[in-house]
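So the chains spell out like this:
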Amino acid sequence: MALEEGARSCLLRVRNRLEQDIKPSYLMDHMISDGVLTVDEEEKIRTQSTRKDQAVELLELLLRKDNHAYISFYNALIKEAYDDLANLLHDDLPNISPSVYKSFPDGCTPYVQTVLSEGGVPQRPVVFVSRPELVNRIREKLYRLQKEPGWVTVFGMAGSGKSVLAAEAVRHHGLIEECFPGGVHWLSIGQLDKPDLLAKIQSLCFRLEQSLDSQSLQRPPNSLDEAKERLRFLMLRRYPRSLLILDDIWDSTVLKALDIHCRILLTTRNRSLTDSVSGAKYEVEVESGLEDNKGLEILALYTKTKLQGLPEEARSIVRECKGSPLVVSLIGALLKDKPNRWRYYLCQLQQKQFKRIRKSSSYDYDALDQAMAASIEVLPDEHRDLYKDLTVLEKDIKIPAKVLSVLWDMEPEEVEDILEEFVNKSLLYVDSNNKPYLYYLHDLHLTQVFEVDGFLMHKNFMSKHYNLHTKVVRQYQQHYKDGHPTSGDDECLYWIRFLTYHMAKANLSQELYALMFSLDWVNIKAQIMGPAHLINDYVEYGPILDKEVRSHFQEFLSLNGHQLEQRPFPDVVQLALSEPHNSEVYRQALVKAQEGASRGKLYIDWLNKSSVESLSLLVIHPHQGSIYSACFSHDGTKIASCGASKMLKVFKSKSGEKLMEIQAHDEEVLCCAFSPDDRLLATCSSDKKVKVSRLDLVFEEEHEEQVNHCQFTNTTRRLLLATCSNDKFLNVKVGSNTVFGHFEPVNHCCFSPDDNFLSTSSNDGTVKLFQVSSANEWKTINVREMFTESDEEVLVKCSTWTADGKRIICAARNDVFDVETSDMLLEIRTNRLSMVQYCHACPTSNLLAIAYSNYAVELWDLGSNKKMADCSGHLSWVQRVQFSPDGSQLLSCSDDQTVRLWETKKVHTSSAVCLKRDSDVLFTDEEIIVSAADNCNRLQVLEVPSGRLLATLLGHTKTVLHCQFSQNGQTLITSSEDTTIRVWRWQSGECKVLQGHKEQVRCFSLLSKSPTETTLLSWSFDGTVKVWDIDSGEKLQDIEAHREAILSCHVSPDGCFFATTSADKMIKLWCCKSWQCIYTLSGHQDCVRSCRFSWDSQRLATGDDNGQIRLWSVKDGSLLKICSRDGKDGMDSLHGGWVTDLHFSPDDSLLVSTGGYIKWWNVDKGEALQTFFPTGSALKKIHVSPDFSTFVTIDNIGILYILQRLM
């Protein structure tokens, strides 16, 4: 079978890149194993004198081979961590016909190898014994997931081979092709706390997004809820019908975090874990021991002996090992080196002579202890001490030998020899897919190390452990005294990831503080590992760090995480200059920027950022962990909060002073509520209990599943408490009554303002209304039926009553229903990239507060269906919002561990009016004056940075597209979608209207900068350029310039030329005397959005919608430079979107451009010097002071930026 033409073309296309980068010796081992390369062919390649010659020979050979060889080569690239090169080949992978698969009796085709390699599924162990009956049982269960999501649980004792069986079960072509064409994705779990679990899911999300395209990469999720939603989206939308394998699950908390309605295979020691999740469930039990013949087969493979030739002790050893594959393998590894010790190791297992501290009521670890203890016992004394040093490493973390060479102060080669000894005795795992090899310990190994010589029981154990971690830190500091490693290899990755861990374990708080609160460290770690690991460090070590400074760094990383994922990597100092002035991050950045500026580096400071700092009235950090609920007391003087910390806390609403703190439940507290007289506080929890404090009433096991919400009646006329839960049937209770109606979990319950009705919101897609007096159902609002056009599941998270009791708002997709008719009155359109978490209607007005997963809180007017305000400040998902009883304040709580209090009127008025991006700026010696249109098409003339309003001009009937001050500052000219140009005496309000264009007037320009200039050029979507006398209003010229819309125009400073750019991708250069076109410039691949002459009128810069900037010679129309075409990865030229504006510095050496962000360029080299990332995006114009030191612009969410170059 010849190589497919597409695959052949791909190899030829990327041949040079492959020849430059690959090391054939690493790849050929895998290709020989796959049977696509012979030993003779390998020898011929090896005889080539240089690595590149070997690569050329390998590729020549590959072009003569078939599709199998191409796929094997692709898999080898993945296994050897050439992911970037493998991605070049991925799209042209050949499709192998089913008839070819007959040559693969176990179904493990090259296609399967590719899928499993990309999904991180472990390879078969070196010594592999097939267990077809168990593998087939697992596959049979997996086939049941073909048509619907569900769970397959593989459970059994420690060391029974669950992970190997799970990996083997999916090593089957038919299964993957029929059931999981979206791929198989492996995630190793183990015993984790929440930060570690979050890091695992972040890593999986990044891996999945990276496999799609660069545009899919997003900022890492900052909370488990956000990570769960991101993974749900990826698995259901981007990888439909794929399988997620969760290996070694210990805790149901992990499953709840990964209950995302997809297809999941998990391995665990606890078969009941899936009781906590929903969906179809199937089980496969892995028996506690291998059959004798399988155990004997393992021993035979290790000792390279035929089954018939095994000594009589072999069968006894298998029985003493209780058939555990891991224990048998450990003994087999010992016998491999000492084949005459069969009786010795059998006696050790029989006599159980070693101390053991592990006890379990479920599993018997005795045999496992004996085998591992024997392996350690036979080590030389000096190596046994080194092996104990490995306890300083975290389990399952893979490290290269170089890390231990730093710790042990040995040559790497010497360390590799010692580690090889550990591996040969099954005391250490090795990942041979990497070059150099990576080594790691399993938790079973770690525990056994502690057992040897009673290490764990030693009274000085803690001291020894501190000393060991201290030794790691000190050895690192000595080895890297000139600076942290930045190579990006495995050794560098280990130190950058785990240096903080070792410092914390060694109680080196001062070193930890200095490291983590250093912008240099942030720069290195974010660049090498991304921001997610840094954020996790601040969360994990938060209790031992300065709270305020930690919050500065954590906020900086949370808000800029998406930028820190970009490549090329952004300038961290420049990013940090956008932080608040009182932030430690900003203070460090300013010092570094000033030092850099003194050496000629360009840095930009944001002068007026205080105007967009948080509007929150009060910020409280009451809990360690997510806050799920916060509520006002009815008199408005107190706030109660609860969450993942299991605590209930009460604060003063004015000062945040703590009044009360109790451990309310044994598990996470999901909701809290004050009674109408504020004497009682109710809480409910995932521990299935509802508790009421002050009266010492505890309702235990009132619900069979977790209780999601609780609420008292609004008045004391008849005091009732309503609760709702995940129970299947008895899921809503009001006082002593149980309310029937929902058959899916109920997320929320809410009394009407008069307490006559109770609304309930459920996963069944309905809101039900019950009469409180009778506990009977009154009516059902079927929210799910409103969205028949979508196949996405509709879950109603909560509902809230308007103040008059006539309307209900539900948080499914934020819909407002009429209670009397159940008709939908309106739908509030929300951000498609975020989820609505909660909503609450103001008890005294038409305002509605909405909490989002994108960290935002919004205020909407239900009367006009308009958004009235944004409340920004939270750093993670907002879980709950509530108005105070008088509506004057709003509180919100979040996964960022804060409760924020907002003054309703303040946030309502301060964010109701926002400036549009079309603006002009007048720079004077004493002040800066900005003109910009607002969202009502009024022209606002402002003094900045004070924000003082100087004038408001009314006249245009549609959106204002451009405004410009005259040279003397007395006249303001504007153009609009209404096809007119207006000339204003802005201080008096006098106005002249220029009419003649047939379509919107995008922009205009005065013919020169002279204060007496009265000639104006305007251009429009109608493809024309018109010339006006603004004093008389007369039209002087009418030029048909382009067949399509004109997008920009600029007059050269010497007044001789003007340039036009168009949606037709062309640039035209015109003579101002003859009004004739002298050059037509082509080359842009998209609409040319902007243009600008240099101050010497010798060069023309143009920018297009693909983010590309070109520099042209005005003299002959030749192309001089494409900015950043040769830059790293070519990513600089993308500019985050359209290039919308350009400006040269007075000496024409620098160029500033706007698009998705602002960039400064070296004109001669075409290289980017600096980038400023705004809060919003899609900038339209930038205004530059004459000395090129101050820059003013407005982003798409209306934020004004006054930027200044640091000198």
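Looking at an unreviewed UniProt entry, the protein carries the name Apoptotic protease-activating factor 1, with the source organism given as Sphaeramia orbicularis. Under the Subunit (unreviewed entry) heading, UniProt states for the protein: "Monomer. Oligomerizes upon binding of cytochrome c and dATP." UniProt lists a comment for the protein under the heading Subcellular location (unreviewed entry), and it reads "Cytoplasm".

## Describing the state of the cysteines
Using the criterion set out here, one finds zero disulfides in the structure. No disulfide involves C1049; its nearest neighbouring cysteine sulfur is the one of C1091, lying 6.2 Å away. Looking at C1049, the relative accessible area reads 7%, which means it is buried.

## With respect to the UniProt feature "repeat: WD" (unreviewed entry) in the protein
The feature "repeat: WD" (unreviewed entry), as annotated in UniProt, sits at residues 662–692, 739–780, 871–912, 953–994, 994–1038, 1039–1070 and 1081–1122 in this numbering. With 0% helix and 52% strand, the stretch residues 662–692 has end C-alpha atoms that lie 12 Å from each other.

## Focus: the sheet that holds strand β7 (residues 429–431)
One open sheet holds the three strands; their spatial order is β6-β8-β7, and the pairing between them is antiparallel. Whereas interior strands pair on both sides, the edge strands pair on one side only; in this sheet they are β6 (399–400) and β7. Bridge count for β6 against strand β8 (residues 438–440) is two bridges, and the pairing is antiparallel. Each bridged residue has a counterpart across the sheet, and for I399 the counterpart in β8 is Y439.

## Focus: the packing of aromatic side chains
This structure, assessed with the given rule, holds 21 aromatic pairs. Measuring from centroid to centroid gives 6.4 Å for F517 and Y538, while their planes differ by 5°, and the two rings are stacked. Highlighted residues: F517 in the loop between α26 (509–516) and α27 (519–529) and Y538 in helix α28 (residues 531–540), separated in sequence by 21 residues. A relative accessible area of 6% means that F517 is categorised as buried. Under the relative-accessibility criterion, Y538 is labelled buried at 0%. Where F1058 meets W1070, the ring centres are 5.8 Å apart and the plane angle is 5°; that geometry is what we call stacked. With F1058 in strand β51 (residues 1057–1062) and W1070 in strand β52 (residues 1067–1071), the pair connects residues that are 12 residues apart, well separated along the chain. Accessibility classification places F1058 together with W1070 in one group, the buried group. An aromatic cluster is built from Y476, Y480, Y494, W495, F498 and Y501, whose rings are joined through pairwise contacts.

## Comments concerning helix α16 (residues 313–320)
Within α16, the full set of buried residues consists of E313, A314, I317 and V318. Viewed end-on, α16 has its buried residues packed into an arc of 140°, placing them on one side of the element.

## Section: the pattern of salt bridges
Taken as a whole, this structure holds 30 salt bridges when the rule is applied. With its nearest N and O atoms 2.6 Å apart, the salt bridge here joins R232 to E229. Highlighted residues: R232 and E229, both in helix α13 (residues 224–238), separated by three residues, approximately one helical turn. A residue is classified by how much of its surface remains accessible, and E229, at 17% relative accessible area, is buried. The partner of K601 in a salt bridge is D571, with the nearest N and O atoms 3.8 Å apart. Pair noted here: K601 is in the loop between α31 (584–598) and β9 (604–606) and D571 is in the loop between α29 (547–564) and α30 (572–576), with a separation of 30 residues, a long-range link. Connected via shared salt-bridge partners are R15, E19 and E60.

## Some remarks on the nonpolar core
Residues L390, W408, L419, F422, V522, Y538 and F556 are the most contacted members of the largest nonpolar core, which totals 73 residues. Among the elements that take part in this core, helix α25 (residues 490–505) stands out by supplying nine residues, more than any other. Summarising the domain contributions, this core has at least three residues from each of domain 3 (509–601) and domain 5 (1041–1206). Sequence-distant contacts of W408, that is, excluding residues within four places in its chain, are made with L386, D389, L390, V415, I418 and L419.

## Details of the sheet that holds strand β5 (residues 280–285)
Whether parallel or antiparallel, the strands of a sheet pair through hydrogen bonds between backbone atoms. With parallel pairing, the five strands of this open sheet are ordered in space as β2-β3-β4-β1-β5. At either end of the open sheet lies a strand with only one pairing partner, and these are β2 (184–190) and β5. With strand direction ignored, the average angle separating the axes of adjacent strands in the sheet is 15°. As paired strands, strand β1 (residues 150–155) and strand β4 (residues 263–268) are joined by six bridges and run parallel to one another. In the strand pairing of β4, T153 is matched with L266.

Cut-off values and rules
Residues numbered from 1 in each chain as written. Predicted model: local features only at pLDDT ≥ 70, side-chain atom pairs only at ≥ 80, totals over all residues. Heavy atoms only, no water. UniProt positions renumbered as here; feature names shortened; annotations may be inferred. Disulfide = S-S within 2.5 Å. Buried < 20%, exposed > 50% of the residue type's maximum accessible area, 1.4 Å probe, protein only. Helix = DSSP H or I, 4+ residues; strand = E, 2+ residues; numbered from the N terminus. Pairing = 2+ DSSP bridges. Phe/Tyr/Trp six-rings, centres within 6.5 Å; stacked < 30°, edge-to-face > 60°. Arc of directions from axis to C-beta. Salt bridge = Lys/Arg side-chain N within 4 Å of Asp/Glu carboxyl O. Core = buried A, V, L, I, M, F, W, Y, C linked by side-chain atoms within 4.5 Å. Domains from an automatic or database assignment. Contact = heavy atoms within 4.5 Å. Axes fitted to C-alpha atoms, helices over the stretch in contact; angles between N-to-C directions.

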